[in-house]
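Chain by chain, the residues run as shown.
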Amino acid sequence: MASAEKKVAVLGDIHSNWEALTAVLEDAALQGATDYVCVGDLVGYNANPAECMEKLRALRCTTVRGNHDHYCSNDAPLEDFQPLAASVISWTRRQLSAEETAYLRGLPLSRKCDGFTLVHSTLDTPDKWGYVYDALDADAHFNYQTTAICFYGHTHLPIVFEKQVRVARSSYTRVRLTVGRKYFFNVGSVGQPRDGDPRASYVIYDSKAREVELRRIAYDIRTTQEKIRKAGLPERLALRLEFGK
Ligand code: ZN
């Protein structure tokens, strides 16, 4: 298939949520996705790290490293993390095989694909895991963005920054891309949405139509919650899923 005719499913912040991931992949297949890419954080928070990794690797999903992927695949102390995140990272470290750990550790911090770039946090300082919430943060990022489009995650909040001369921030569902502008899309989170909508979030980028569409997919939250409780992970991680917070 010519590179101009791709439908790219862009996933991010899956965080070991098997039910959300499989629901999103089912929808992406129905949408005619030809390629799968991921802006990182495959693991952390939920109970199926190995299964989610295996599924994405089987799809040859092009992936970058998120902060959870990073800390789950090394022995660094976790004092910079909130206790909640730290306890799940320790748990996740124990679930992964040596091979899975090496895979996560080997993921690049950013990646240039066919007409777009992937990064977990920001191209400004990708190894510092900075959060891009406002136009000022995005402006620092845009200095390093050489492709028209860049996809990111990390905040779990689907939002787009568009740079013409100034940087504008807006929520989005469908964006028609204008030649000459630069776009920095947060694709939201598959496995732990935080914008008040509990449905899984991901993006379809249609390179032929030059369009980016945000999609929200309902999934079996109950089962994900049961798995979290059964694994002995913090109750708050189960509860937050139903509120999307
Ligand atoms: Zn995340």
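The residue count restarts for each chain, going from 1 along the sequence in the order it is written. Local features are withheld for residues below a pLDDT of 70 in this predicted model, meaning they are given only at 70 or higher, and side-chain atom pairs are given and counted only at 80 or more; totals for whole chains, interfaces and linings count all residues. Excluded from the side-chain calculations are hydrogens and water; all other atoms, namely the structure's heavy atoms, are used.

## Remarks on the coordination of the zinc ion
The line we're drawing: Water is not among the atoms examined, so metal sites may look incomplete; donors are the N, O and S atoms within 2.8 Å of the metal, or within 3.2 Å for Na, K and Ca. Between 85 and 135 degrees for all angles marks four donors as tetrahedral; over 155 degrees for opposite donors together with 65 to 115 for all other angles marks four donors as square planar and six as octahedral; every other arrangement is irregular.
Of the protein atoms, only Asp13 (OD), His15 (NE2), Asp41 (OD) and His156 (NE2) coordinate the zinc ion, at distances of 2.1 to 2.6 Å. In this structure, the zinc ion is coordinated by four donor atoms arranged in irregular fashion, with angles at the metal of 86 to 173°.

## Quick notes on the pairing of strand E2 (residues 35-38)
Just so we agree on the cut-off: Note on pairing: two strands pair once DSSP finds at least 2 bridges between them. Each helix is a run of H or I in the DSSP string that is no shorter than four residues. Each strand is a run of E no shorter than two, and both are numbered from the N terminus. Place the viewer so that the strands point away; then a crossover is right-handed whenever the path from the first strand over the helix to the second strand goes clockwise.
Sheet analysis places strand E1 (residues 7-11) next to E2, joined by four bridges and oriented parallel. Pairing of Val10 across the sheet is with Val37, part of E2. As a crossover connection, the stretch from E1 through helix H1 (residues 18-30) into E2 is right-handed. With two bridges connecting them, E2 and strand E3 (residues 62-63) associate as parallel partners. Bridging from a neighbouring strand, Val37 pairs with Thr62 of E3.

## Considering the sheet that holds strand E9 (residues 174-176)
Note the cut-off: Should any heavy atoms of two residues lie within 4.5 Å, those residues are considered in contact. What counts as an axis is a line fitted to C-alpha atoms, over the stretch in contact for a helix, and the angles between N-to-C directions run from 0 to 180 degrees.
The six strands lie next to each other as E3-E2-E1-E11-E12-E9, forming an open sheet whose pairing is mixed. This sheet does not close on itself; its edge strands, each paired only once, are E3 and E9. Across the sheet, H1 lies against E1, E2, strand E11 (200-206) and strand E12 (211-217), angled at about 25° from E11, the strand it touches most.

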